[in-house]
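Fold and contact review
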Amino acid sequence: MRAAVLSLAAVLTLGLILPATAQLADPTITINDKFSERIDIGISTNEIAIASDFSGADITVFGAIDGVDELLLATFAYDIVVSLEGPRQTTTVRRKERVAGIWINRHSIRFEPIPASYSMSSTRPLDGISTSMELASRDIGINNIRLVPTGGIGDGSRVTEFREALRRIKQADGLYQRDPTGVRFISKSLFRASVRLPANIPVGQHKVRAVLYKNGEFVMERQIPLRVVKTGLEQFIFNFAHLHGLAYGVFAVFLAALTGWLSSLMFRKD
Amino acid sequence: MTIYLPIAELSVNIFVILGMGAAVGFLSGMFGVGGGFLITPLLIFYNIPPAVAVATGANQVVASSVSGALAHFRRGTLDIKLGLVLLAGGLVGATLGIQIFTMLRRLGQLDLIISLLYVLFLGSVGSLMLWESVKALRRAARNQSVSMRKPGQHNWVHRLPFKMRFKRSKLYLSVIPVILLGFAIGILTSVMGVGGGFIMVPAMIYLLRIPTNVVIGTSLFQIIFVTAYTTIVQAATNYSVDIVLAWLLMIAGVIGAQYGVRVGQKMRGEQLRAGLALLVLAVAIRLGFGLVLPPDEVYSVVSGSFGF
């Protein structure tokens, strides 16, 4: 496996003197005005290009807390959760049941768009960071990602099982993962978070979220976008197949006919 | 060495795919079948999403049937007129089949129906072939003559109207059963990703009484166009043709087929048919187990393109 550390740069912008109105207008920043600490993060690129032999990697996000109280820092009062969330997709969970001896998909529940991937790193396990209610209100943690069923769900008694199955399968596929010790302070206000990119990472618009907690209370959240694109011939083929399906099909047939014809020429018994 | 399949959206071992293609090519050369009915289940066993396996299987069959049909054309064992009538039915069937395929995918029952159809068709064709070839082998052991076709014997098929003369096949036959056969095979091509030779050849010999020497060439001729049509429509509607996967299978397949043909020529017809019957039954049994055994995970998640 290529443990490529994809691009990172320390961003030490230690002067977030933005007017309060501007902060509210910016959806990528949420601030609890009770506190004066501010968090900032940076990655050196807003696009990650994945080649066809990609088998997973770690990205490192650097960040800093501005206005940190050193005494509180020393007593581990600050906690940071960094996550990488994939593009949202409508997702259906199906359940097989035995019907006349055969296993058949019987029940299904459709969920409102959920992150296709979710990779989280934190300074310690989530239950030590804040209350589950607070974490759930911000969709932090695999068990707190909101899974809202849509359409007919029958009597609704099965929703819990389906939610659990969805989380279990996403984790088994490596799409949802967590590292409760992945965020580390490297100086008194600087931290480094390593977030895992699974091999099957979905392409599209991802977002990096960094959330700061102080003694269990929410201080600030910051988001930055990150595009994941695939490169090379494979990506060209994928795009061509999806944008020009008919031409792609004609080409596939042409290639097959050519291969068949050439082989009959090569192996012709004369 | 792994290679990323752009449409199936997963990485596979290139040697496994080439090995699969070569093995199926060898068997198809040896037994004179297209091999689609082996490729598609093998791809599904190797975790290729069934939707991609079916569409890609159809694409791969184009190559093997072009190669085969050209050989028959040169030998003059191809009835183009009969092939065109079959094809007319086949194209209509394939169009309907793709509608069925898309609908099943939306309902989440595509995997089930593909497996059921394979178990049903491979199971029954395999059993019939095994029974017939064992009888033939016994007769051969007792030095009796073996004849596949009983000329001059007519059945209900030959009393149907709209008759047409097929010179190459030396037949005067109603077009209705021919079109219906093409239609049925067309549906199977688009739903199962097979050429359908394993059903069409026996049906042409036993049901329509078409001379055995033109049957294989003519069915290959029809298969080229129906699988080509299916590939194009699958690509345009379901985006499920993986050209990288298909091409690897074709290359390995056409090479494997050459060796298969040589081995096949050294074996007796009834031995070949018995071997093919056992192979067909083995695939049917393996797929049947998959339907009956309790799955490791009863839940499945569908999001994005082929996540099932």
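Residues numbered from 1 in each chain as written. Chains lettered and ligands numbered in written order. Predicted model: local features only at pLDDT ≥ 70, side-chain atom pairs only at ≥ 80, totals over all residues.

Description of the overall build of chain A
- Across its full length, chain A holds six helices and 15 strands.
- Looking at chain A alone, contacts between residues at least 24 apart form 75% of all its contacts between residues at least 6 apart. (Helix = DSSP H or I, 4+ residues; strand = E, 2+ residues; numbered from the N terminus. Contact = placed C-beta atoms within 7 Å.)

Things to note about the overall build of chain B
- Check the secondary structure of chain B and you find 10 helices and five strands.
- Whereas a compact globule of 308 residues would reach a radius of gyration of roughly 19 Å, chain B reaches 19 Å, a difference of no more than 12%.
- When its C-alpha atoms are laid out on the principal axes, chain B stretches across 60 × 45 × 40 Å.
- For chain B, buried positions account for 52% of its 308 residues.
- A separation of at least 24 residues holds for 79% of the contacts in chain B among residues at least 6 apart in sequence. (Rg over C-alpha atoms; globule rule 2.2 N^0.38 Å. Buried ≥ 20, exposed ≤ 12 C-beta atoms within 10 Å, placed from the backbone.)

So, unusual backbone geometry
All names here are of chain A.
- Look at Phe76: it is not a glycine, yet its phi comes out positive at around 55 degrees.
- Note on placement: Phe76 falls in the loop between α2 (70-74) and β6 (78-85).
- Classification of Phe76 as exposed rests on a count of 12 C-beta atoms within 10 Å.

As for the packing of helix α6 (residues 245-266) of chain A against helix α9 (residues 243-266) of chain B
- Contact geometry of α6 of chain A with α9 of chain B gives a least axis separation of 10 Å together with a crossing angle of 10 degrees. Taken together, the axis directions place α6 of chain A and α9 of chain B in an arrangement best described as roughly parallel. Between α6 of chain A and α9 of chain B, the contacting residues are Ala252, Leu255, Ala256, Thr259, Gly260 and Ser263 of chain A on the first element and Ile243, Ala246, Trp247, Met250, Ile251 and Val254 of chain B on the second.
- When its residues are assigned to classes, the contact of α6 of chain A with α9 of chain B shows nine nonpolar, three polar and no charged. (Axes fitted to C-alpha atoms, helices over the stretch in contact; angles between N-to-C directions. Parallel < 35°, antiparallel > 145°, perpendicular 65-115°, else oblique. Nonpolar A, V, L, I, M, F, W, Y, C, P; charged D, E, K, R; others polar.)

A look at the nonpolar core
- Ile224 and Leu249 of chain B are the most contacted members of the largest nonpolar core, which totals 106 residues.
- Contacts of Ile224 of chain B, omitting those with residues within four sequence positions, involve Val62, Ser65, Val66 and Ala69 of chain B.
- Ile48, Ile80, Leu84 and Leu226 of chain A belong to the second-largest nonpolar core, a separate cluster that totals 49 residues. (Core = buried A, V, L, I, M, F, W, Y, C linked by C-beta atoms within 7 Å.)

Brief notes about the packing of helix α6 (residues 175-192) of chain B against helix α7 (residues 197-207) of chain B
All names here are of chain B.
- Between α6 and α7, whose axes approach to 11 Å, the crossing angle comes to 165 degrees. Of the possible angle classes, the one that applies to α6 and α7 is roughly antiparallel. By crossing handedness, the relation of α6 to α7 is classed as right-handed. Across the interface between the two elements, Pro177, Leu181, Ile185 and Leu188 of α6 pack against Ile199, Met200, Ala203 and Leu207 of α7.
- Residue composition of the contact of α6 with α7, by class: eight nonpolar, no polar and no charged. (Left-handed = near helix turned anticlockwise from the far one by under 90°.)

Some thoughts on helix α5 (residues 232-243) of chain A
- The first and last C-alpha atoms of α5 of chain A sit 17 Å apart over 12 residues, in line with the 16 Å expected at 1.5 Å per residue.
- Against the buried residues of α5 of chain A lie β15 (217-230) and α6 of chain A together with β1 (2-5) and α8 (212-237) of chain B. (Expected span 1.5 Å × (residues − 1).)

Considering the environment of Gly186 of chain B
All names here are of chain B.
- As for its position among the elements, Gly186 is in helix α6.
- When the C-alpha atoms of Gly186 and Arg168 are compared, they prove to be 23 Å apart, with 18 residues separating the residues in sequence.
- Once residues within four sequence positions are removed from consideration, Gly186 is found in contact with Gly89, Gly90, Leu91, Val92, Gly93, Ala94, Gly97 and Val226.

Some remarks on the interface of chain A and chain B
- Of the residues lining the interface, 43 residues belong to chain A; the matching set on chain B comes to 42 residues.
- Looking at the side of chain A that touches chain B, the elements that each hand over two or more residues are β7 (88-99), β8 (102-115), α4 (159-172), α5 and α6 of chain A.
- In terms of residue count, α6 of chain A provides more of the side of chain A that touches chain B than any other element does, 15 residues in total.
- Residues of the side of chain A that touches chain B, tallied by class, amount to 22 nonpolar, 15 polar and six charged.
- Across five bridges, the pairing between β7 of chain A and strand β5 (residues 299-303) of chain B is antiparallel. Looking across to β5 of chain B, one finds that Arg94 of chain A is bridged to Ser300 of chain B. (Pairing = 2+ DSSP bridges.)

Quick notes on the sheet that holds β7 of chain A
- Reading across from one edge, β10(A)-β8(A)-β7(A)-β5(B) is the order of the four strands in this open sheet, with antiparallel pairing throughout. Where the open sheet ends on each side, the last strands, each with one partner, are β10 (149-150) of chain A together with β5 of chain B.
- Where α4 of chain A meets the sheet, it contacts β7, β8 and β10 of chain A together with β5 of chain B, and its direction lies at approximately 70 degrees from that of β5 of chain B.

Looking at the environment of Phe31 of chain B
- Along the polypeptide, Phe31 of chain B turns up in helix α1 (residues 14-31).
- Taking the C-alpha atoms as reference points, Phe31 of chain B and Ala257 of chain B, separated by 226 residues in sequence, lie 9.6 Å from one another.

Things to note about α4 of chain A
- For α4 of chain A, built from 14 residues, the straight-helix expectation of 20 Å at 1.5 Å per residue is met to within 8% by its first-to-last C-alpha distance of 20 Å.
- All buried positions along α4 of chain A are accounted for by Phe162, Ala165, Leu166 and Lys170 of chain A. Buried positions in α4 of chain A, seen along its axis, are confined to an arc of 125 degrees and lie on one side of it. Every exposed residue of α4 of chain A that faces more than 90 degrees away from the buried side is listed here: Thr160 and Ala172 of chain A.
- Where α4 of chain A is buried, its residues meet β7, β8 and β11 (176-179) of chain A together with β5 of chain B.
- A positive phi of about 80 degrees marks Gly174 of chain A, the residue just after α4 of chain A. (Arc of directions from axis to C-beta.)

Digging into the environment of Val201 of chain B
Residues and elements named next belong to chain B.
- Following the sequence through the fold, Val201 ends up in helix α7.
- Exposure remark for Val201: the 20 C-beta atoms within 10 Å place this residue in the buried category.
- Between the C-alpha atoms of Val201 and Leu120, which are 81 residues apart in sequence, the distance is 17 Å.
- Those residues in contact with Val201, other than ones at most four positions away along the chain, are Val215, Ile216 and Ser219.

As for the confidence of the model for chain A
- Across chain A, pLDDT averages 83, with 87% of residues at or above 70.
- At the low end of the mean pLDDT range in chain A sits strand β1 (residues 5-6) of chain A, at 40; at the high end sits strand β9 (residues 118-122) of chain A, at 94. (pLDDT = per-residue confidence, 0-100.)

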